[in-house]
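Chain by chain, the residues:
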Amino acid sequence: MAGSFMDCVFLLVANRNYCNDYFESLLEGMETDLYIRELINRLARLDAASGWDGDLNPTQRAVLAYLGRANRFSRSPSHVAEYLGTTRGTISQSFKSLQQKGYVSELRSSRDKRTISFALTPKGEGIAQTVSNLDHSLSELSDSKKQALQATLTEVLRRFVQQNDGRAFGVCKTCIHYKASSSGGFCTLLSEPLSPEDSSLICHEQQSA
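Residues numbered from 1 in each chain as written. Predicted model: local features only at pLDDT ≥ 70, side-chain atom pairs only at ≥ 80, totals over all residues. Heavy atoms only, no water.

Summed over all chains, the structure comprises eight salt bridges. In this structure, D198 and R72 form a salt bridge, with 2.2 Å as the shortest nitrogen-oxygen distance. Here D198, found in helix α8 (residues 196–199), pairs with R72, found in the loop between α2 (58–67) and α3 (77–84); they are 126 residues apart in sequence, far enough to count as distant. The exposure class assigned to D198 is buried, which follows from its relative accessible area of 8%. (Salt bridge = Lys/Arg side-chain N within 4 Å of Asp/Glu carboxyl O. Helix = DSSP H or I, 4+ residues; strand = E, 2+ residues; numbered from the N terminus. Buried < 20%, exposed > 50% of the residue type's maximum accessible area, 1.4 Å probe, protein only.)

Below you can see the structure in the form of structure tokens.
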């Protein structure tokens, strides 16, 4: 009977220690997650703050940067708004200002005149290719660190987008709808031929193969 009692005491102590260790590790994990989130948020805020330059604000620069990486099927105001996680109204105002300043030009679909997309002008392309302070900082990392950072952030973004039922906006040639061809590629979803440039740009319809 005494042995049974001591066994019970031992189990209680062991379980308590296990619980303490578990909750301590859980708290440490939460602290790590919060710190990583703060690092990402601060980098984003600092990068955005550096976008206040000349006649452009950070949102307008982000729009130009997106257009510089998006294929011809993904340049409508709604696509840009979804990619940047902002409202359609904010993006519409940004496009209006960018067009007045000569950074973008408006394109209307030959199939449906109500469908509007935008393209960069030479002036806009110059801004989209501008190297930022964040770019300089990233360039100083080793190739192995860049690859590890890209893989990690890509995985975090994928999980975040899935949780919010968003679109991946991945590179066209990594999509299940992409078929390689001698001229570049073909989109089986939109039934459209793709140039080599289109195949290397991001698309709002992209689904990982």
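A grouping of I36, I40, L138, L141, L149 and L153 is seen on the molecular surface, where their side chains present a nonpolar patch of about 440 Å² in accessible area. Of all elements in the fold, only α1 (2–49) and α7 (143–163) reach the threshold of two or more residues within the nonpolar patch. Structurally, I36 is set in helix α1. (Patch = residues over 30% accessible without salt bridge, like charges linked within 9 Å, V, L, I, M, F, W, Y side chains within 5 Å. Areas by Shrake-Rupley, 256 points an atom, 1.4 Å probe, with all protein chains shown as cover.)

If you trace the backbone, S94 turns up in helix α4 (residues 88–100). Not counting the four nearest positions on each side in its chain, S94 is found in contact with T59, Q60 and V63. (Contact = heavy atoms within 4.5 Å.)

Another point: the packing of α2 against α4. Interhelical geometry of α2 versus α4 gives an angle of 85° and a closest axis separation of 10 Å. Between α2 and α4, the crossing angle belongs to the class labelled roughly perpendicular. Contact residues: T59, Q60, V63, L64 and L67 in α2; T90, I91, S94, F95, S97 and L98 in α4. In terms of residue class, the contact of α2 with α4 is made up of six nonpolar, five polar and no charged. (Axes fitted to C-alpha atoms, helices over the stretch in contact; angles between N-to-C directions. Parallel < 35°, antiparallel > 145°, perpendicular 65-115°, else oblique. Nonpolar A, V, L, I, M, F, W, Y, C, P; charged D, E, K, R; others polar.)

Next up on the list: the side chain of N71. Examined against the element boundaries, N71 turns out to sit in the loop between α2 and α3. Overall, the relative accessible area of 0% leaves N71 in the buried class. Among the polar contacts listed, one links the side chain of N71 to the side chain of S74, at a separation of 2.8 Å. If we skip the residues at most four places from it in the chain, N71 touches C172, D198, L201, I202 and C203. (Polar contact = N/O pair within 3.5 Å; in protein donor to acceptor, adjacent residues only side chain to side chain.)

Any functional reading would require information beyond the geometric quantities listed.
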